[in-house]
Amino acid sequence: MGEALDDPGGAGLVGFGGAPVVALDALAPAKSAAACFFGVDIDLSKRFGDSSDGAAAFVRRWSARMGPWTRGHRPSAVDVGVLTGEAADVIRGASEVTARAFAAGYVPVAVGCDHTVSYPVAMTAARRHQDLTYVYLDAHLDLGLHLDHDRDGPAGAGAPAGVHNGNFVAAMAAGGAFREIVNVGARAWTTYDDVYGAGCPVTIVREVDPAGLSALRGRKVHVSLDIDVLDPVHVPNTGSREPFGATPEQVVNVLSWLADHCTVVSADVSEVLPDPAHRTTAEIAMRCAHELVKERKTR
Ligand SMILES: [Mn+2]
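Note that the coordinates shown come from a computational prediction; the quantities given were computed from them, not determined experimentally.

### Observations regarding the coordination of the manganese ion
For step 1, the next point in the chain: Bound to the manganese ion are the protein donor atoms Asp 138 (OD), His 140 (ND1), Asp 226 (OD), Asp 228 (OD) and Asp 228 (OD), situated 2.2 to 2.8 Å from the metal.
For step 2, the next point in the chain: All donors of the manganese ion come from a single chain, and their spacing in sequence reads D-x1-H-x85-D-x1-D.
For step 3, the next point in the chain: Here Asp 138 falls in the buried class, since its relative accessible area comes to 0%.

Written out as structure tokens, the structure is:
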């Protein structure tokens, strides 16, 4: 896989949300379906928004003080490191870490930079879990109007050429790997679903409220959190800010409902800009991720 994870010995680092850092090779079979966090610390294919390179390290560092909460409420969560290097290698690495976390009985949770990180994680999940539904909380539909081939995307690594953080959902929908693709919270003027008409491949739940999710009850889901579903008042440090967004409470309520009524097999969180002036974003991102993965016995 890509570059080595940054702490192969598992010593001396505090992981995401203060979780212990464990070497991937030392990952023991999980007794409960706990979160296995890993970072992807470069933009994989960013077309829209400022660079978020370094966001995984930013979230990891500034969520560390959550450690007491994490140890009390998600005691089996682990962190297997942060990937960096060339995009194609990192994409392969993200797929491999995801597959190995599944094999050990964990719920892989990627903390990425641009939203394209979702592609390798969710596609790996879809290969493992038939009938998987992709649920993404995002102010944008990321359908592109143009699955453009005029610039290099992460080609050659299991992703079609031209895929980027503004169109990767269209590529996933076209691939047919998912039972359904559901957006929660789309509100951007620029990507309003009217432009897609009746052919929109995504089911849109406009309100960030569990009341709109009952059709998903009982499903296996991959959940992707683009942090820009939150209002810029709460999260100013994201690349494509949209007003009239959700509160952290609304997002946590939706994630909690998904954890309680669906089987969350994997997840990702992305689009944080590493801005030291807004370190609380790291804790919002990690608290949301933890809400999705309430530990449950595997057998
Ligand atoms: Mn977005």
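### Some thoughts on the side chain of Ser 256
For step 1, the next point in the chain: Note on placement: Ser 256 falls in helix H6 (residues 248-261).
For step 2, the next point in the chain: We classify Ser 256 as buried; its relative accessible area is 16%.
For step 3, the next point in the chain: With residues up to four places along the chain from it excluded, the contact list for Ser 256 reads Glu 291 and Lys 294.

### Let's talk about the pattern of salt bridges
For step 1, the next point in the chain: Counted according to the given criterion, the structure contains eleven salt bridges.
For step 2, the next point in the chain: The salt bridge involving Arg 100 is made with Asp 25; its shortest N-O contact spans 2.7 Å. Of this pair, Arg 100 sits in helix H3 (residues 87-103) while Asp 25 sits in the segment before strand S1 (35-40), and the two are 75 residues apart along the sequence.
For step 3, the next point in the chain: Among the residues examined, Arg 100 registers a relative accessible area of 30% and is labelled partly exposed.
For step 4, the next point in the chain: Among the ionic pairs, Glu 291 bridges to Lys 294, the shortest N-O distance being 3.6 Å.

### Some remarks on the packing of aromatic side chains
In this description, a pair of aromatic rings is defined by centroid distance and the angle of the planes.
For step 1, the next point in the chain: Using the criterion set out here, one finds three aromatic pairs in the structure.
For step 2, the next point in the chain: When the centroid spacing of 6.2 Å and the interplanar angle of 50 degrees are considered together, the rings of Phe 16 and Phe 37 count as tilted. Residue Phe 16 is located in the segment before S1, and its partner Phe 37 is located in strand S1; the two are separated by 21 residues in the primary sequence. Each member of the pair, Phe 16 together with Phe 37, is buried.
For step 3, the next point in the chain: Pairing Tyr 134 with Tyr 136 gives two aromatic rings, centres 5.6 Å apart and planes at 40 degrees, and the pair type is tilted.
For step 4, the next point in the chain: Take Tyr 134: its relative accessible area is 0%, and that puts it in the buried class.
For step 5, the next point in the chain: In textbook terms, an aromatic cluster arises when at least three aromatic residues are bridged by ring pairs, as seen for Tyr 134, Tyr 136 and Phe 178.
For step 6, the next point in the chain: Sitting over the face of the ring of Phe 16, Arg 60 holds its NZ or CZ atom 5.7 Å from the ring centroid.
For step 7, the next point in the chain: The aromatic ring of Trp 62 is capped on one face by Arg 279, whose charged end is 3.8 Å from the ring centroid.

About the cut-offs
Residues numbered from 1 in each chain as written. Predicted model: local features only at pLDDT ≥ 70, side-chain atom pairs only at ≥ 80, totals over all residues. Heavy atoms only, no water. Donors = N, O, S within 2.8 Å, 3.2 Å for Na, K, Ca; no water. Buried < 20%, exposed > 50% of the residue type's maximum accessible area, 1.4 Å probe, protein only. Helix = DSSP H or I, 4+ residues; strand = E, 2+ residues; numbered from the N terminus. Contact = heavy atoms within 4.5 Å. Salt bridge = Lys/Arg side-chain N within 4 Å of Asp/Glu carboxyl O. Phe/Tyr/Trp six-rings, centres within 6.5 Å; stacked < 30°, edge-to-face > 60°. Lys NZ or Arg CZ within 6 Å of the ring centre and 35° of its normal.

Keep in mind these values describe shape, not function.
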